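# Descriptive analysis of the structure
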Amino acid sequence: MGKEVKLFKSEEKRSLGEVADFLRKLADRLDKGRVVLSQGDKKLKLKLPEVVEMEIEVEKEIGKRTTEIEMEIELKWQVDKSGNPKDKKSLSIE
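These numbers were taken from a predicted model, which means no experiment stands behind them. (Residues numbered from 1 in each chain as written. Predicted model: local features only at pLDDT ≥ 70, side-chain atom pairs only at ≥ 80, totals over all residues. Heavy atoms only, no water.)

### Thoughts on the overall build of the protein chain
- The helix and strand tally for the protein chain stands at one helix and four strands.
- For the protein chain, the N- to C-terminal ordering of α and β elements is α-β-β-β-β.
- For the protein chain, the proportion of its 94 residues judged to be buried stands at 6%.
- For the protein chain, contacts bridging at least 24 residues in sequence account for 29% of all contacts bridging at least 6.
- Just so you have it, the protein chain exposes about 9600 Å², and 50% of that area is on carbon and sulfur atoms. (Helix = DSSP H or I, 4+ residues; strand = E, 2+ residues; numbered from the N terminus. Buried < 20%, exposed > 50% of the residue type's maximum accessible area, 1.4 Å probe, protein only. Contact = heavy atoms within 4.5 Å. Areas by Shrake-Rupley, 256 points an atom, 1.4 Å probe, with all protein chains shown as cover.)

Here it is as C-alpha cells:
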C-alpha cells in the first residue's frame, strides 16, 4: 500500500443527541453521494461512488482505573488519479 495522508481530523465531546443529529445529516449527504466536512476554516469536499466498503469495529480497553469502549465506523472507496471515485463496473455480457 502507498503513503497515507490525513485529509481531515476532528475529535470532540458531544451529547448523544448531538452525535445522532450529526450522523443523520451525514446519512442524508451519503444518500446524495456528496459530503462536505467543515470546521473553522478547514473544509473537505468528498464525492462518493455508489458502492463503498463499510467496516464497523468495537474495542474495549481495560485500564487499571477505567475501561474505555470505542466504536469506529469506517467507509472506504477507491479514487482514480484525478481524485474522482473509481466505480467498479460489474461484469456483463452483451
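### Some details on the pairing of strand 4 (residues 67-76)
- Note: strand 3 (residues 53-62) against strand 4, 10 bridges, orientation antiparallel. Each bridged residue has a counterpart across the sheet, and for E53 the counterpart in strand 4 is K76.
- Linking strand 3 back to strand 4 in an antiparallel pair, the connection comprises four residues. (Pairing = 2+ DSSP bridges.)

### What to know about a nonpolar patch on the surface
- On the surface, a cluster of nonpolar side chains totalling about 860 Å² of accessible area is made up of L30, V52, M54, I56, V58, I69, M71, I73 and L75.
- Those elements giving two or more residues to the nonpolar patch turn out to be strand 3 and strand 4.
- Among the elements that take part in the nonpolar patch, strand 4 stands out by supplying four residues, more than any other.
- Considering the arrangement of structural elements, one finds I73 in strand 4. (Patch = residues over 30% accessible without salt bridge, like charges linked within 9 Å, V, L, I, M, F, W, Y side chains within 5 Å. Salt bridge = Lys/Arg side-chain N within 4 Å of Asp/Glu carboxyl O.)

### A word on the packing of aromatic side chains
- For the structure on display, the rule yields zero aromatic pairs.
- Its guanidinium or amino end placed over the ring of F8, K42 lies 5.2 Å from that ring's centre, counting from NZ or CZ. (Phe/Tyr/Trp six-rings, centres within 6.5 Å; stacked < 30°, edge-to-face > 60°. Lys NZ or Arg CZ within 6 Å of the ring centre and 35° of its normal.)

### Quick word on the pattern of salt bridges
- Tallying each qualifying case throughout the model produces three salt bridges.
- In this structure, R14 and E12 form a salt bridge, with 2.9 Å as the shortest nitrogen-oxygen distance.
- Close ionic contact of D21 with R24 constitutes a salt bridge, the shortest N to O distance being 2.9 Å. Here the residue D21 and the residue R24 both occupy positions in helix 1 (residues 16-32), the gap between them amounting to three residues, near one helical turn.
- Owing to a relative accessible area of 51%, R24 belongs among the exposed residues under this scheme.

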